[in-house]
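Here is what each chain is made of, one letter per residue.
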Amino acid sequence: MSTGFDISSSSNNQRKVENLIKTIKKIMAKHGVDDPEWIRAISGQFFLLSLSRELNWHRRKDYEKLMNSCLSSFRVTYQGDFVLDEESLQVTPEETKHIMDLMEEEDRKDSYFTKFPKICAKNIDSQLMYLNFHYALLLSIVSEEDSDLFKILKNSCLEYLFSEKALDASDGWYPYRVPWITARVLTNLKSIDYTAYASTHDIDEIINDALESLFQRINEVKPIWRSGFGTWVTNWESTGLCLEALYNWNIVSHRSLEIRKIVSYVLSADVCVEWLDMSRKFDGEENSNAILGSVVLASAVYRIIRDETSFKDLYDEYQEKLFNYFNYIIDMIHKGNVDQVGQFTTIPQIMYYILLAIT
């Protein structure tokens, strides 16, 4: 396991990491991994399971309840197949409309996507977009255990994700407008064993094309990945998720010049103040989404500059600043200063991404 700091140079740094982990455990102990508010959404279940894995909380009673909740996302057809119950995709009926409204508002404010009918918000199939995202999450969920049932569900998720309707004609997963969905699928694929499925399906080319498509979608003006999802997912979060996918697939060392350009840009003084904001509070949907996006980006950047030798100069310069940001966010959550969040999964997702960075 890597460590959030170079502990060979400072035991004090290691104590800071240990204290931050203890605080996260305190927060989780109050909620449990079966918190009824958090497990209402598939995304919440995914991040709670991810937290359980990082904290080694696999054999607790609340973990068992969480795993049983995950099964409610599937239904059985009369033919005996397990399929995703599409009614489980959204917590409230208004959620889909709200997100699509945010995407259309993004297009009204910025003509970037409206120049191309394929990626214009009004032409996006929201249901297909949600299916890809949630099948990626469920793939990881059902890969947590090795029972016969979970193997069947895992194969069902893989069959869907590599079906023609799930893939975008321009490579990656639908929709091309939203690169972080492709990034999420790639990250979750990397975390599981799909060799049994791959032995009978040619998926390496699909994965390689999807990785390359992320480079194609880097913004031409600013070296980031646009979200395409309005303020629900910020450009910073989108950039963090795409960097994470490339990091997980060991692409960084092979494309270090391109990735260094992105990392250097987001860490530059003028840009860093836009997203690494230690004055922002959990006081509304937009601010809480912005905090989440900043944590995801900080986590991905932290891991890259720590683990890739060609980024050591950036690690030496920015690791303390990034760690202090993690500490600020966890301290705010621990003290209960969370007035309003926009998404049910915001808090567990933030804690998970901070744990990924510091452990």
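Rules used throughout
- Residues numbered from 1 in each chain as written.
- Predicted model: local features only at pLDDT ≥ 70, side-chain atom pairs only at ≥ 80, totals over all residues.
- Heavy atoms only, no water.
- Patch = residues over 30% accessible without salt bridge, like charges linked within 9 Å, V, L, I, M, F, W, Y side chains within 5 Å.
- Areas by Shrake-Rupley, 256 points an atom, 1.4 Å probe, with all protein chains shown as cover.
- Salt bridge = Lys/Arg side-chain N within 4 Å of Asp/Glu carboxyl O.
- Lys, Arg positive; Asp, Glu negative; His and termini not counted.
- Charge placed at Lys NZ, Arg CZ, Asp CG, Glu CD.
- Helix = DSSP H or I, 4+ residues; strand = E, 2+ residues; numbered from the N terminus.
- Axes fitted to C-alpha atoms, helices over the stretch in contact; angles between N-to-C directions.
- Left-handed = near helix turned anticlockwise from the far one by under 90°.
- Contact = heavy atoms within 4.5 Å.
- Nonpolar A, V, L, I, M, F, W, Y, C, P; charged D, E, K, R; others polar.
- Buried < 20%, exposed > 50% of the residue type's maximum accessible area, 1.4 Å probe, protein only.
- Expected span 1.5 Å × (residues − 1).
- Core = buried A, V, L, I, M, F, W, Y, C linked by side-chain atoms within 4.5 Å.
- Phe/Tyr/Trp six-rings, centres within 6.5 Å; stacked < 30°, edge-to-face > 60°.
- Lys NZ or Arg CZ within 6 Å of the ring centre and 35° of its normal.

Caption draft 1: Layout of a positive patch on the surface. On the surface, Lys22, Lys25, Lys26 and Lys30 cluster together into a positively charged patch. One can find lysine 30 in helix H1 (residues 11-31).

Caption draft 2: The arrangement of the packing of helix H2 (residues 42-55) against helix H5 (residues 126-142) in detail. For the pair H2 and H5, interaxial distance at closest approach is 9 Å and the crossing angle is 35 degrees. Of the two possible hands of crossing, H2 and H5 adopt the one that is left-handed. Along the contact surface, H2 presents Ile42, Ser43, Gln45, Phe46 and Leu49, while H5 presents Phe133, His134, Leu137, Leu138, Ser140 and Ile141. Counted by class, the contact of H2 with H5 contains seven nonpolar, four polar and no charged residues.

Caption draft 3: Up close: the packing of H2 against helix H15 (residues 346-358). Closest axis-to-axis distance for the H2/H15 pair is 9 Å, and the angle between their directions is 35 degrees. Note that H2 runs across H15; the crossing there is left-handed. The residues of H15 that touch H2, namely those facing Phe47, Leu48, Ser50, Leu51, Arg53, Glu54 and Leu55, are Pro348, Gln349, Met351, Tyr352, Tyr353, Leu355 and Leu356. Classifying every residue of the contact of H2 with H15 by side-chain character gives ten nonpolar, two polar and two charged.

Caption draft 4: Region of interest: the environment of cysteine 157. The topology assignment puts cysteine 157 in helix H6 (residues 148-161). Residue classification places cysteine 157 among the buried residues on the basis of a relative accessible area of 0%. Counting along the chain gives 21 residues from cysteine 157 to alanine 136, while the straight-line C-alpha distance between them is 7.5 Å. The residues contacting cysteine 157, other than those within four sequence positions of it, are Phe74, Tyr135, Leu138, Leu139 and Val142.

Caption draft 5: Quick peek at helix H7 (residues 179-190). Here H7 spans 17 Å end to end across twelve residues, near enough to the 16 Å set by a 1.5 Å rise per residue. For H7, the tally of buried residues reaches eleven of twelve residues, placing the bulk of the element in the interior. Taken as a whole, H7 has its buried residues at Pro179, Trp180, Ile181, Thr182, Ala183, Arg184, Val185, Leu186, Thr187, Asn188 and Leu189. Contacts made by the buried residues of H7 are with H2, H5, H6, helix H9 (204-216), helix H10 (235-248) and H15.

Caption draft 6: Geometry of unusual backbone geometry. Cis rather than trans, the peptide bond between tyrosine 174 and proline 175 has omega equal to 0 degrees. On the secondary structure map, proline 175 appears in the loop between H6 and H7. Of note in this structure, asparagine 56 is not a glycine but carries a positive phi near 60 degrees. You can see asparagine 56 is positioned in the loop between H2 and helix H3 (61-71). Look at asparagine 56 and you get exposed, because its relative accessible area is 62%. Not every positive phi belongs to a glycine, and asparagine 250 is a case in point at roughly 60 degrees. Within the secondary structure, asparagine 250 is located in the loop between H10 and helix H11 (256-267). Among the residues examined, asparagine 250 registers a relative accessible area of 49% and is labelled partly exposed.

Caption draft 7: Quick look at the nonpolar core. Counting 127 residues, the largest nonpolar core has Met28, Leu189, Phe229, Leu243, Trp275, Ile329 and Ile354 as its most contacted members. Here phenylalanine 229 is in contact with Ile99, Leu102, Met103, Glu106, Met129, Tyr130, Val178 and Trp180, once residues within four sequence places are set aside.

Caption draft 8: Expanded view of the packing of aromatic side chains. Tallying each qualifying case throughout the model produces 14 aromatic pairs. Note on phenylalanine 162 and tryptophan 173: the rings are 5.9 Å apart at their centroids and 75 degrees apart in plane angle, and the pair reads as edge-to-face. Linking phenylalanine 162 in the loop between H6 and H7 with tryptophan 173 in the loop between H6 and H7, this pair joins segments that are eleven residues apart in sequence. Pair check on accessibility: phenylalanine 162 and tryptophan 173 agree, each one buried. Seen in terms of ring centroids, tyrosine 302 and tyrosine 315 are 6.1 Å apart; in terms of plane orientation they differ by 80 degrees. Their pairing is edge-to-face. Linking tyrosine 302 in helix H13 (residues 285-307) with tyrosine 315 in helix H14 (residues 312-334), this pair joins segments that are 13 residues apart in sequence. For tyrosine 315, a relative accessible area of 9% corresponds to the buried category. In textbook terms, an aromatic cluster arises when at least three aromatic residues are bridged by ring pairs, as seen for Phe46, Phe47, Tyr352 and Tyr353. A cation over a ring is seen here: arginine 255 above phenylalanine 215, with NZ or CZ 3.8 Å from the ring centre.

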